[in-house]
Amino acid sequence: MRSNFAKVLDSIILALVFSVLIYAWMRFYTKNTSMSIVVGICSGLLIMAVLNIIFYNREQKLNINKTTKSNAEKLSLNLLCSTQSEINTFFAKILDSLGKIKKSKNYLEIKENSAQNDLHSTMHSTLIFPEFNKENFTLEDLFRVIKTATKLNAKEIKIFAPTVDGTAKTFAKQINNLKIDFVDKYSLYNNYIAGKFENALIEKIDISKPKINYAGLLRYAVNQKRARHYLLFGLLIILMSFLVPFKIYYLVLGSLLCLIALIVKIAPILAEHKNLKQTK
């Protein structure tokens, strides 16, 4: 994402460009300089404001989508690293409000009242299959699930999986006597977790990137692999000194970068040589 300074600078430049453009056309048609300046400035500011609102809303949406995607993938990865018992317990917790849940080894059964009143209530049963033993749910996996569902005389099943193969979805639509719904990792997070069960997330592994401290930045800057970059930039700046009037600044900066390149390159070699001498 752009910094706040870059956003302000872009807005100013955008307003100036549109103001000048509209002023030029207004001046061409009206010949009235004062009115052209006022209309040009007002129009430029208005266009800038409208575009900023559009870009802001788009950026907010991108941020939300990016966060949702990241959380969904983190959840899926942690479920993939969990045991089936832990997975079943997790789904029993997030689906508890849907009805009475009965846990089995590889699936859950949700029983709920489908009628509107107590006098004519009927029990409606749905089998839940949390399929997080691998990344992609295939047609072969669907056959296995169907065998279990038909054995239990189930009419509705819901399959939760990280991703679902297209052939499995196509075949599921062709089955008339069994309703099959698929919920991938993004739908799982959006529809069942986000804003409801954030604290219920399984934390098996941590893949978040650690923040780089000053020591880390320093190690990155003095890495031996950076020497070539320092040298190339230094030589480029020195060459540019022949094209500009104030040569001294370019010469000093270019020479400094070349010196840094030399230090970064030979410092690890000298340190390694010193360590070898101490071990002898």
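Further up the page is the structure itself.
I would appreciate a short explanation of the overall build of the chain in the present structure.
From N to C terminus, the chain includes nine helices and seven strands. Burial statistics for the chain: of 280 residues in total, 26% are counted as buried. Restricting the contact set of the chain to residue pairs at least 6 apart, pairs at least 24 apart contribute 54%. Surface accessibility of the chain: about 19800 Å² in total, with carbon and sulfur atoms responsible for 63%.

Before we go on, may I ask you to explain the environment of Asn 190 in this structure?
In this structure, Asn 190 sits in helix H6 (residues 185–193). For the pair Asn 190 and Ala 72, spaced 118 residues apart in the sequence, the C-alpha separation amounts to 8.0 Å.

Just checking my understanding: could you explain a nonpolar patch on the surface for this structure?
Together, Leu 253, Leu 256, Leu 259, Ile 260, Leu 262, Ile 263 and Ile 266 make up a nonpolar patch on the protein surface, roughly 580 Å² of accessible area in all. With respect to the helices and strands, the residue Ile 260 is situated in helix H9 (residues 247–279). The partly exposed category is assigned to Ile 260, whose relative accessible area is 30%.

What's the story with helix H8 (residues 227–240) in this structure? I'm lost.
Each turn of an α-helix holds 3.6 residues, which means side chains three or four residues apart point in the same direction. Counted at 1.5 Å a residue, the expected span for H8 with its 14 residues is 20 Å, and the 20 Å between its end C-alpha atoms agrees. Taken together, the buried positions of H8 are occupied by Ala 227, Tyr 230, Gly 234 and Ile 237. For H8, the buried positions fall inside an angular range of 100° around the axis, keeping them on one side. Facing away from the buried side of H8 by more than 90 degrees, the exposed set consists of Arg 228, Leu 232 and Leu 239.

Just to check I follow, could you spell out the packing of helix H3 (residues 84–94) against H6 for this structure?
Two quantities define a packed helix pair, namely the angle between the helix axes and the distance between the axes. It is the contact of H3 with H6, at a shortest axis distance of 11 Å, that shows an interaxial angle of 40°. In terms of their interaxial angle, H3 and H6 are classed as oblique. Here H3 and H6 pass one another in a crossing that is left-handed. Judged by residue contacts, Phe 90, Phe 91 and Ile 94 of H3 engage Leu 188, Tyr 192 and Ile 193 from H6. Of the residues in the contact of H3 with H6, the class split is six nonpolar, no polar and no charged.

About the criteria used
- Residues numbered from 1 in each chain as written.
- Predicted model: local features only at pLDDT ≥ 70, side-chain atom pairs only at ≥ 80, totals over all residues.
- Heavy atoms only, no water.
- Helix = DSSP H or I, 4+ residues; strand = E, 2+ residues; numbered from the N terminus.
- Buried < 20%, exposed > 50% of the residue type's maximum accessible area, 1.4 Å probe, protein only.
- Contact = heavy atoms within 4.5 Å.
- Areas by Shrake-Rupley, 256 points an atom, 1.4 Å probe, with all protein chains shown as cover.
- Patch = residues over 30% accessible without salt bridge, like charges linked within 9 Å, V, L, I, M, F, W, Y side chains within 5 Å.
- Salt bridge = Lys/Arg side-chain N within 4 Å of Asp/Glu carboxyl O.
- Expected span 1.5 Å × (residues − 1).
- Arc of directions from axis to C-beta.
- Axes fitted to C-alpha atoms, helices over the stretch in contact; angles between N-to-C directions.
- Parallel < 35°, antiparallel > 145°, perpendicular 65-115°, else oblique.
- Left-handed = near helix turned anticlockwise from the far one by under 90°.
- Nonpolar A, V, L, I, M, F, W, Y, C, P; charged D, E, K, R; others polar.

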